[in-house]
Amino acid sequence: MGFRATFARRTPYLVWLALSSLVLLVCERYDPYVFAAAAFLGAGVSALLFLASLFAGPRSVVLAMVAALPTVAAFWLLSTFKWA
């Protein structure tokens, strides 16, 4: 299975959606700084997944944006924290 065929399927996006949701939920309960680090790591992975989806077609781009929603929600939640 080639690169384009792999990222044309829904599986990588759904796995990332579930994994990032789980990791961010666990880290949010643990510590705000760990949560922030996980959010930035999730943003990096989401960006790489989005770049890979550009080669697979328009449907994959939409799936990559949906898979990045937990990261977007994490950054919104981080903006509400009182850091000092």
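Computed from a prediction, not measured in an experiment: that's the story for all the values here.

**As for the packing of helix α3 (residues 32-53) against helix α4 (residues 58-67)**
Viewed as axis vectors pointing N to C, α3 and α4 meet at an angle of 170°, and their least axial separation amounts to 8 Å. Overall, the two elements α3 and α4 adopt an arrangement that is roughly antiparallel. On the side of α3, the interface is formed by Leu-49, Phe-50 and Ser-53, while α4 contributes Ser-60, Val-61, Ala-64, Met-65 and Ala-67. Here the residues of the contact of α3 with α4 sort into 6 nonpolar, 2 polar and no charged.

**Description of the pattern of salt bridges**
Evaluation of the coordinates by the stated rule reveals 1 salt bridge. Put simply, Arg-29 and Glu-28 hold a salt bridge, and the shortest N to O gap is 3.7 Å. Arg-29 gets classed as exposed once you look at its relative accessible area, which sits at 70%.

About the cut-offs
- Residues numbered from 1 in each chain as written.
- Predicted model: local features only at pLDDT ≥ 70, side-chain atom pairs only at ≥ 80, totals over all residues.
- Heavy atoms only, no water.
- Axes fitted to C-alpha atoms, helices over the stretch in contact; angles between N-to-C directions.
- Helix = DSSP H or I, 4+ residues; strand = E, 2+ residues; numbered from the N terminus.
- Parallel < 35°, antiparallel > 145°, perpendicular 65-115°, else oblique.
- Contact = heavy atoms within 4.5 Å.
- Nonpolar A, V, L, I, M, F, W, Y, C, P; charged D, E, K, R; others polar.
- Salt bridge = Lys/Arg side-chain N within 4 Å of Asp/Glu carboxyl O.
- Buried < 20%, exposed > 50% of the residue type's maximum accessible area, 1.4 Å probe, protein only.

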